[in-house]
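Each chain is listed here by its residues.
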Amino acid sequence: NKESALKWYSKGYDGKVLEKYDKAFEFYKKSVETDPKYANGYFGMASIYKTKKKYEKVYNIKINLLRILINNRLNPNNAIGYYNKGDILACMGRT
């Protein structure tokens, strides 16, 4: 559910701010396990991988997120999600 996903996401954000990246990643992961439509959790996981310079993993998460967006499984009120959908498509040359 969305409240639980937000709780896990918030813990992940706090972990990232404290530079406890492995713990932050686990919290972000729990947020999407709790609510697979919770796009911010995917963005959080991607940001940890980006910080660790694991760019292929960033790409894989964003491709997974794109699949969610294409299948309309993302909350229609999530402007950040749709922004990132456009960003991902632009990077793929599909604007």
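Cut-offs applied
- Residues numbered from 1 in each chain as written.
- Predicted model: local features only at pLDDT ≥ 70, side-chain atom pairs only at ≥ 80, totals over all residues.
- Heavy atoms only, no water.
- Helix = DSSP H or I, 4+ residues; strand = E, 2+ residues; numbered from the N terminus.
- Buried < 20%, exposed > 50% of the residue type's maximum accessible area, 1.4 Å probe, protein only.
- Contact = heavy atoms within 4.5 Å.
- Areas by Shrake-Rupley, 256 points an atom, 1.4 Å probe, with all protein chains shown as cover.
- Salt bridge = Lys/Arg side-chain N within 4 Å of Asp/Glu carboxyl O.
- Polar contact = N/O pair within 3.5 Å; in protein donor to acceptor, adjacent residues only side chain to side chain.
- Core = buried A, V, L, I, M, F, W, Y, C linked by side-chain atoms within 4.5 Å.
- Axes fitted to C-alpha atoms, helices over the stretch in contact; angles between N-to-C directions.
- Parallel < 35°, antiparallel > 145°, perpendicular 65-115°, else oblique.
- Left-handed = near helix turned anticlockwise from the far one by under 90°.

Caption draft 1: Main features of the overall build of the protein. Of regular secondary structure, the protein possesses 5 helices and 0 strands. Starting at the N terminus and ending at the C terminus, the protein contains elements arranged as α-α-α-α-α. Each of the 95 residues in the protein was classed as buried or not, and the buried ones make up 38%. When contacts within the protein are restricted to residue pairs at least 6 apart in sequence, long-range pairs at least 24 apart make up 43% of them. Here the protein has roughly 6200 Å² of accessible surface; of this, 51% comes from carbon and sulfur atoms.

Caption draft 2: Representation of the pattern of salt bridges within the structure. Under the defined criterion, the tally for this structure stands at 1 salt bridge. Taking the shortest distance from any N to any O, the salt bridge between K52 and D22 comes out at 2.4 Å. Here the residue K52 occupies a position in the loop between α3 (39–51) and α4 (55–70), and D22 occupies one in helix α2 (residues 21–34), the gap between them amounting to 30 residues. A relative accessible area of 33% places K52 in the partly exposed class.

Caption draft 3: The environment of K16, seen in detail. With respect to the helices and strands, the residue K16 is situated in helix α1 (residues 2–17). For K16, a relative accessible area of 26% puts it in the partly exposed group. Put simply, K16 and G44 are 28 residues apart on the chain and 8.8 Å apart in space, counted from C-alpha to C-alpha. A polar contact is formed between the side chain of K16 and the side chain of S47, at a distance of 3.1 Å.

Caption draft 4: Just the nonpolar core, in detail. Residues Y42, M45 and I61 are the most contacted members of the largest nonpolar core, which totals 15 residues. When residues of this core are traced back to their parent elements, those giving at least two are α2, α3 and α4. Counting residues per element, this core draws most heavily on α3, which supplies 7 residues. Ignoring sequence-local partners within four residues, the contact set of I61 consists of Y42, M45, A46 and Y49.

Caption draft 5: Here's a closer look at the side chain of S31. For S31, the position within the fold is in helix α2. Among residues more than four places away in sequence, those in contact with S31 are A5, W8, Y9, Y38 and G41.

Caption draft 6: Spatial organisation of the packing of α1 against α2. Between α1 and α2, whose axes approach to 7 Å, the crossing angle comes to 165 degrees. The pairing of α1 with α2 is recorded here as roughly antiparallel in orientation. Viewed along their axes, α1 and α2 form a crossing whose handedness is left-handed. Contact residues: α1 offers S4, A5, W8, Y9, K11, G12, Y13, G15 and K16, while α2 offers Y21, A24, F27, Y28, K30, S31 and T34.

So yeah, pure geometry; function would need other evidence.
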